[in-house]
Amino acid sequence: MANQKDLYAVLGVPKDAKIEDVKKAYRKLARKYHPDLNPGNKQAEERFKEISFAHDVLSDPDKRKLYDEFGSEGLQPGFDATRAREYRRWAESGHGFSFRQGAGPGFDFESFGSGSPRGRRRADDERGFADMLNEMFGGFGAGTAEEGGQSIEYPLEVDFWDAIRGTRTAVTVRRPVPCPDCRGTGRQGRRACTRCAGTGQTEERERLTVKIPPGVSDGARVRVKGKGGAPRGGGKPGDLYFVVKVRPHAHIQREGKDLTIEVPVTIGEAMLGSTITVPTPDGRVQLKVPKGSQSGQRLRLSGRGVPDPKGGPPGDLYVRLMVQVPKNGSAERLREAVETLERAYGENPRARLTL
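(A) Highlighting the overall build of the protein. What the protein contains, in helices and strands, is 9 helices and 15 strands. Across the 355 residues of the protein, 39% fall into the buried class. For the protein, the exposed surface amounts to about 21200 Å²; the carbon and sulfur share of it is 49%.

(B) Spotlight on the packing of aromatic side chains. Per the counting criterion, the structure on display carries 3 aromatic pairs. Both rings, one in Tyr154 and one in Phe242, keep their centres 6.5 Å apart while their planes meet at 45°; by these two values the pair is tilted. Residue Tyr154 is found in strand E3 (residues 152–158), and its partner Phe242 is found in strand E9 (residues 240–246); the two are separated by 88 residues along the sequence. The exposure class of Phe242 is buried, given its relative accessible area of 0%. Ring centres 5.4 Å apart and planes at 85° place the aromatic pair Phe160 and Trp161 in the edge-to-face group. On the accessibility criterion, Phe160 (6% relative accessible area) is buried.

(C) Structural detail: the sheet that holds strand E8 (residues 221–224). The strand order E3-E9-E8 describes an open sheet built from 3 strands, whose pairing is mixed. Of all strands in the sheet, those with a lone pairing partner are E3 and E8, marking the two edges. The average undirected angle you get between the axes of adjacent strands in this sheet is 30°. Here E3 runs beside E9; their pairing, made up of 7 bridges, is parallel. Within E9, the position partnered with Glu157 by the bridge is Lys245.

Thresholds, definitions, all that
Residues numbered from 1 in each chain as written. Predicted model: local features only at pLDDT ≥ 70, side-chain atom pairs only at ≥ 80, totals over all residues. Heavy atoms only, no water. Helix = DSSP H or I, 4+ residues; strand = E, 2+ residues; numbered from the N terminus. Buried < 20%, exposed > 50% of the residue type's maximum accessible area, 1.4 Å probe, protein only. Areas by Shrake-Rupley, 256 points an atom, 1.4 Å probe, with all protein chains shown as cover. Phe/Tyr/Trp six-rings, centres within 6.5 Å; stacked < 30°, edge-to-face > 60°. Pairing = 2+ DSSP bridges. Axes fitted to C-alpha atoms, helices over the stretch in contact; angles between N-to-C directions.

Rendered as structure tokens:
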């Protein structure tokens, strides 16, 4: 489900790029493709998701190490790097097996009779190989028809606004299914099944459309019934759970169902009062700034926050006023105005500041 493109190419950095260079490249691209700067541009939105995913991986030393060693497979949920290395060493050591690229492990049993000493050693190797695969891929073969299939979790990263407004997204997932050759038994006659290597299961890739409900929070689990792992020998599949990771927004903070946005205002707007335009999840609205407002003061827009996924009332949007001073403070007229303003303070504004 993760981006299958080369993540270094997505950000336009070399494979030996330092984390600082990765972040710098991300910031440059994010400013260009951020959805807030490209409203209605789906291509820019998808590009922003790509660069966000690449940044998330390449700026994290642990994720980056796995990606460099195993590619996108190393980023899959439940991936066990230690067992993957054990399997790779085991495979490369030979053990009398032949491997066909793209077709999974293939075994050449023709020269080994099951009753011979070499055949018995081969049978032990088959069981060891099956056990190794089961452990490496999280025990996919642990379920039974009576127990039902296992549940599977996948991380799903969504944009900040998509999490608030809700969306549908296409995702490709991998899940274990009963081997079609041996029907989940793991054996063909007296031999281990060559297709599943005796595990009784093979991997299936499926593209799903996932509905993200409005107001979903970071860490929430979205359930897709019956799309988890199928037990060995057939039976009812488990469920698939997408664990949501919400990408942070550059200007808005979320706490539960409430949102907070910092909005710059001029000295005159704060002192004299004014009506300003403020962006909200439902579009821009007019907000009255009271006369004499202070920098950092919060104003509430009721019901303009995050929708409740369970159908309750939405949260609120808090606007934190941030008084901005002119940058060109050396202009003569401006300096005279500031000096006049300074005389208006009745006392030192820090007079009561104590620790």
